[in-house]
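A closer look at the structure
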Amino acid sequence: MPESEFTRRIDTLWQVHPTATRAIVYGSPRHHAELAYLTNLVPKLEAAVALLTRDTEPKLFLGGGPNMVGAAKPLTWISDLAPLRSGQAVGQTAVAGISAYKIVVIGGGAMPTAFRQSMNEAMGGEATDATADVWKQMAAKSSHEMAAIVGACGVLHAAVAAIDQSKHTSVTTAVLAGERAANQAGAQDVRILFSRNGGRTLEPFVTRVNETADPFQVYVAVRHLNYWAEGFAHLSARPNAAKSKAMDVLKRVLIRMRAGIPTRDIANLIESSIRSDAPHPVTMHSCLNTIGLGLEEAPYADAGETIEAGNVYSLKAGLQNVAGQHAIVSAMVAVHKGGNDVLWISP
Amino acid sequence: MNFQDRLADILWRMQEARLDLVIGLHDGAHFIEKPNPVMVLSGFKSLGAAASVLHADGRLTTIVTPAWDAERVGDANAGIGIGAVGADDIVAGIQDALGGAVPMSTGIAGFRVLPSRIADRIAAAFPNAVAADKLVFDAARTKTIEEIADARAAARIAERGYHHLLAVARPGMSEDDLAVELKWHMKSLGADDNFLLLCASPHNRAVQPSNGRKLQTGDIILAEITPSVNGQLTQICRTVVVGKPSDELARKYALVVHAMDRGIEAAKPGVAMGQVCRAINAVLEAQGYGEYCHPPHIRRRGHGLGFGSMRPGDVALDNMTVLEPDMLFMIHPNQYLPETGYLLCGEPVVMTQHGAEPITTEKAALASIAA
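This structure is a prediction, so every number in the text was calculated from the model and none was measured.

Of the regular secondary structure elements, chain B holds 10 helices and 16 strands. On C-alpha atoms alone, chain B measures out to a radius of gyration of 22 Å, which is about the 21 Å that the 2.2 N^0.38 rule sets for 371 residues. Dimensions of chain B, computed from the C-alpha atoms along their principal axes, are close to 70 × 40 × 35 Å. Split into buried and exposed, the 371 residues of chain B put 59% on the buried side. Sequence-distant contacts, at least 24 apart, represent 66% of the contacts inside chain B between residues at least 6 apart. A total of about 13800 Å² of accessible surface is found on chain B, and carbon and sulfur atoms cover 52% of it. Within chain B, the 42 negative side-chain charges are centred at a point lying 4 Å from the centre of the 34 positive side-chain charges.

Residues and elements named next belong to chain A. The buried count for strand β1 (residues 22-27) comes to six of six residues, which makes it a mostly enclosed element. Direction of pairing for β1 relative to strand β5 (residues 103-106): parallel, over a ladder of four bridges. Across the sheet, the residue bridging to I24 is V105, located in β5. As paired elements, β1 and strand β2 (residues 48-53) share six bridges and run antiparallel to each other. Along β2, the bridge assignment pairs I24 with L51.

The next thing to look at is the pattern of salt bridges. In total, this model carries 35 salt bridges over all chains according to the counting rule given. Taking the shortest distance from any N to any O, the salt bridge between R6(B) and E147(B) comes out at 2.7 Å. Residue R6(B) is located in helix α1 (residues 3-16), and its partner E147(B) is located in helix α7 (residues 145-168); the two are separated by 141 residues in the primary sequence. Assessed through its relative accessible area of 16%, E147(B) is described here as buried. The network of salt bridges with shared partners includes E5(A), R8(A), R9(A) and E145(A).

All names here are of chain A. Segmenting chain A into domains produces domain 1 (3-139) and domain 2 (143-345). With centres defined by C-alpha atoms, the gap from domain 1 to domain 2 works out at 32 Å. Domain 1 puts 15 residues into the contact, and the matching count from domain 2 is 13 residues. Counting each side, the surface lost to burial between domain 1 and domain 2 is near 1200 Å², with a carbon and sulfur contribution of 50%.

Quick look at helix α4 (residues 90-97) of chain B now. Residue and element names in this part refer to chain B. Every buried residue of α4 is accounted for by I90, V91, G93 and I94. In a view along the axis of α4, the buried residues occupy a sector of 160°, so they form one face of it. Among the residues of α4, the N-terminal cap falls to D89, whose side-chain oxygen and the backbone nitrogen of V91 are separated by 3.2 Å. Looking at the residues trailing α4, positive phi occurs at G99, about 60°.

On to the packing of aromatic side chains. To describe a pair of aromatic rings, you give the distance between the ring centres and the angle between the ring planes. On inspection of all chains with the given rule, the structure shows seven aromatic pairs over all chains. Look at F194(A) and F216(A): their rings are 6.5 Å apart centre to centre, the planes differ by 40°, and that puts the pair in the tilted class. Note that F194(A) is positioned in strand β7 (residues 189-194) and F216(A) in strand β8 (residues 216-224), a separation of 22 residues in sequence. An aromatic cluster of three or more residues is present, and its members are Y289(B), Y292(B) and Y336(B). Above the plane of the ring of W184(B) lies R180(A), whose end atom (NZ or CZ) is 3.8 Å from the centre.

A separate point is the nonpolar core. Counting residues in each nonpolar core, the largest one holds 72 residues, and the members touching the most others are L52(A), F216(A), V220(A), V222(A) and M332(A). Sort the elements by how many residues they give to this core and helix α7 (residues 143-166) of chain A lands first, with nine residues. Viewed by domain, this core spans two of them, domain 1 (3-139) and domain 2 (143-345) of chain A, each represented by three or more residues. If we ignore the near neighbours within four places in the chain, the residues touching L52(A) are I10(A), L13(A), W14(A), T21(A), R22(A), A23(A), V25(A), L38(A) and P58(A). Ranked by size, the runner-up nonpolar core spans 57 residues in total, among them F31(B), M260(B), C277(B) and M327(B).

Parameters and conventions
- Residues numbered from 1 in each chain as written.
- Chains lettered and ligands numbered in written order.
- Predicted model: local features only at pLDDT ≥ 70, side-chain atom pairs only at ≥ 80, totals over all residues.
- Heavy atoms only, no water.
- Helix = DSSP H or I, 4+ residues; strand = E, 2+ residues; numbered from the N terminus.
- Rg over C-alpha atoms; globule rule 2.2 N^0.38 Å.
- Buried < 20%, exposed > 50% of the residue type's maximum accessible area, 1.4 Å probe, protein only.
- Contact = heavy atoms within 4.5 Å.
- Areas by Shrake-Rupley, 256 points an atom, 1.4 Å probe, with all protein chains shown as cover.
- Lys, Arg positive; Asp, Glu negative; His and termini not counted.
- Charge placed at Lys NZ, Arg CZ, Asp CG, Glu CD.
- Pairing = 2+ DSSP bridges.
- Salt bridge = Lys/Arg side-chain N within 4 Å of Asp/Glu carboxyl O.
- Domains from an automatic or database assignment.
- Buried area = accessible area lost by both parts, 1.4 Å probe.
- Arc of directions from axis to C-beta.
- Polar contact = N/O pair within 3.5 Å; in protein donor to acceptor, adjacent residues only side chain to side chain.
- Phe/Tyr/Trp six-rings, centres within 6.5 Å; stacked < 30°, edge-to-face > 60°.
- Lys NZ or Arg CZ within 6 Å of the ring centre and 35° of its normal.
- Core = buried A, V, L, I, M, F, W, Y, C linked by side-chain atoms within 4.5 Å.

This is the structure in structure tokens:
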């Protein structure tokens, strides 16, 4: 990602907050979408804080001690790196020479509460939270971002294909084949959940599972060039009525995925299309979310009121039928003014 | 001590502190340096934010997000009698589990490290709650028999992983590829998680996350290998040379191992943890490396092993924790020396009545792979 992409994003932030002169941006290995959006850094071990200013060079403070400074250098365009000492130190640096009301905080909700309290005390007050504004900025993807997401979908495809090919060996072998394929395709992070009960519940890898599962329901999320792609796949060589119906529902909704459509209509369409069957517990309240730098929980990844051109969505259809079958399928969808492009869909 | 014994200890401490209720909270972001009161109270490693609610009468409920993950709590705690509740929102889930009745005296563990977006709502819901971290983690200063068994299993995986590293590492391979290979192999052996630092250089300043460097002849590979079994971490620290090690490197590594041995010998029941650090430092100071025994070169000589409790804490001069049987921790000198760079050497130990017992089968020794 060129440095100009980041300076453009920061310029937009200042335009949205004309009275702010400094911004504190927090990110952790778990919650880092905003920090990555503005600095390209995804913290590997411990939290990091960027201090952006209107007039001077930005600084980046890295948790984990002085050793982490060198490790972070290749991961960001910011050149002024230093160890992250404490929330108090961040607050003191941010407020030096100005009032707290001229500072905005981004990602503050993810800060450990003791860190945030000490930062606020040092600043003499709580700064305006600009997190939601940054998420609005993040909605419209640039061509660079779209290329990264397309790449992530390629990694997702490789992972799911590897799981599909290995599903007859054992659950663990299949999951590890998926992880390995994703890493070999360039994934920075891979998260897989699987089901041993035909898709009724999902679980993470806890211990070796030497049995096979058929059908094999999996959820795979991969991060590539900092951008996430996720997908559900219901894998079986045998026909499955629940899967067939879920795929039909998914494809029907994909036809309707256009800019300007209320997201509520998408949820209603899925609900009505499932009809006599019940929604799957996993997708019951989350059939549609945005995706990109964050693989986040609500409210950050909420799809909002309407489908927007330029954004990328993860669309899911899940159900449980009267025969006791369960299935979840999904698609990664890029929406543009003329319709949508399906970047990945469940096999 | 087993899980039920620990729970009984926590209940006794609640009585002493006059608490009707203790809530352990965790956001589901599991990290080696972040203690997890939910794991201490329930043994459950959650996907998302979770809470364990313990009443003074012994009733224990674990609330998990996302709601559909609740079934796993029951699977993980079969026979222990922990109630499980699924919730889409952790704060609302806790309030529902309490049926709207908030006991007068409530303690909360895990609050200070909770993301503020959750913590602010918890503070509003329990305005009179007091911190209960000390209460919960004091009771978890020693490991249960289950946790020690898991630590031993994780140590076996770590050692097998290290042997795999020696088998596959070669010049031209990137740090990242080696790290992925190592993680993958240990997962195939049953590790549910892995905290891995792996880097290489002819002269390392510190151990760091992998950064894509390709291995070269003369490199010193540093590997801090930390697999987890059932949520219990164990660690080994190892150093590998690409090619033949120099005599000086071999001598310096032997010195660091000697320092570790002195540290292990010093770890006895009744001794303060700081004495272990002092014993390690003494060996290095005697060889003229006193200035390298303090920050920024070294912060600690070991640490506790989570994911649940991090007690007995760091192997550091200022740690006055008195060692007891069944404590589990790392002893790792992990020293920067000007002649060789940073060297990794460390073993996990469990305290017995006689002293610290390494739970590895092979002690750290300088290894090499073909150039």
